[in-house]
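Here's the letter readout for the chains.
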Amino acid sequence: MRGAKAIVIKFNKETCRPCPVRDQCTSSKTGGRTLSLQPREVQEVLDHARLQQGDEQWRAKYGTRAGIEGTIHQAVAVTGMRRARYLGLQKTHLEHVFSAVALNLIRLDAWWNGHPLDRARVSHLARLDLSLAA
């Protein structure tokens, strides 16, 4: 946590090495455990925010936000909407309208043909394994 005030507690490796539950505490092979503690006020705010995230109303609100962010990501990935290709407000507006129409057509095509838009996430290692098997 660079730039943030925190209390850092470092355990000596000689203290941690003989511990029977070391693998549950740290993944370090050579050093000891390191804990970073937030100031009390910051930790209380984080705890309160995490408690709210368990609420169903918060999840519904976040689901809406996630849908909007997914739409923005799709618009940027498919049409490159971060930068306008044209100069002038009218041409830029027209480009955005065409981009929105294109996204809607892509979504309609996926819905009509039964192809989900979200890709199944495959790690690089799994993708490599699949390419070697083929």
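Heads up: these notes are all about the structure in this document. (Residues numbered from 1 in each chain as written. Predicted model: local features only at pLDDT ≥ 70, side-chain atom pairs only at ≥ 80, totals over all residues. Heavy atoms only, no water.)

## Notes on the pattern of salt bridges
For the record, the criterion: In the sections that follow, a salt bridge refers to a side-chain nitrogen of Lys or Arg positioned within 4 Å of a carboxyl oxygen of Asp or Glu. Put simply, DSSP marks the helices as runs of H or I at least four residues long and the strands as runs of E at least two long, and each gets a number from the N terminus on. Remark: exposure states derive from per-residue accessible area (1.4 Å probe, protein chains only) relative to the maximum for the residue type, with buried under 20%, exposed over 50%, and partly exposed in between.
Under the defined criterion, the tally for this structure stands at two salt bridges. The salt bridge partner of Glu69 is Arg65, with a shortest N-O separation of 2.8 Å. Of the two residues, Glu69 and Arg65 both sit in helix α4 (residues 56-79), four residues apart, roughly one turn of that helix. You can call Glu69 partly exposed: its relative accessible area is 39%. One salt bridge in this structure joins Arg85 and Glu95, with 3.0 Å as the shortest N-O distance. Placement of the pair is Arg85 in the loop between α4 and α5 (89-113) and Glu95 in helix α5, with a sequence separation of ten residues. Using a relative accessible area of 8% as the deciding quantity, one classes Glu95 as buried.

## Quick look at the environment of Glu14
Looking at where Glu14 falls in the secondary structure, it is placed in helix α1 (residues 13-16). Residues Glu14 and Gly31, 17 residues apart in the sequence, show an inter-C-alpha distance of 8.6 Å.

## Side note on the packing of aromatic side chains
Rule in force here: Only the six-membered ring of Trp is used, alongside the rings of Phe and Tyr, when aromatic pairs are assigned; centres must lie within 6.5 Å, and planes under 30 degrees apart are stacked while those over 60 apart are edge-to-face, with the rest tilted.
Applying the stated criterion to the full structure yields one aromatic pair. Seen in terms of ring centroids, Trp58 and Tyr62 are 5.2 Å apart; in terms of plane orientation they differ by 10°. Their pairing is stacked. With Trp58 and Tyr62 both in helix α4 and four residues apart, the pair spans about one turn of that helix.

## Considering α4
Short version of the rule: By definition here, a helix of n residues has an expected span of 1.5 Å times n minus one. In what follows, residue pairs with any heavy atoms lying within 4.5 Å of each other are defined as contacts.
Here α4 is 24 residues long and its end C-alpha atoms lie 34 Å apart, about the 34 Å a rise of 1.5 Å per residue gives. If you follow the buried residues of α4, they end up packed against α5.

## A short note on the side chain of Ser99
Its place among the elements puts Ser99 in helix α5. Take Ser99: its relative accessible area is 6%, and that puts it in the buried class. Beyond its immediate chain neighbours, meaning those up to four positions away, Ser99 contacts Thr79 and Met81.

## Some details on a nonpolar patch on the surface
To keep things clear, this is the line we draw: Candidate patch residues must exceed 30% relative accessible area and have no salt bridge, after which like charges are joined if within 9 Å and Val, Leu, Ile, Met, Phe, Trp or Tyr side chains if within 5 Å. For every accessible area listed, the method is Shrake-Rupley and the probe measures 1.4 Å; residues are considered covered only by the protein chains on display.
There is a patch of nonpolar side chains on the surface, built from Leu94, Val97, Phe98, Val101, Leu105, Leu108, Trp111 and Trp112 and spanning about 890 Å² of accessible area. With respect to the helices and strands, Leu105 occurs in helix α5.

## Concerning the side chain of Thr92
Basically, it comes down to this: Identification of polar contacts relies on pairs of N or O atoms within 3.5 Å, with a donor-acceptor requirement for protein atoms, meaning one able to donate a hydrogen and the other able to accept it, and with residues adjacent in sequence counted only if both atoms are side-chain atoms.
Checked against the element boundaries, Thr92 lands in helix α5. Residue classification places Thr92 among the buried residues on the basis of a relative accessible area of 17%. There is a polar contact of 2.8 Å between the side chain of Thr92 and the backbone oxygen of Gly88. Beyond its immediate sequence surroundings of up to four residues, Thr92 is in contact with Ala84 and Tyr86.

Distances and angles like these do not, on their own, reveal function.
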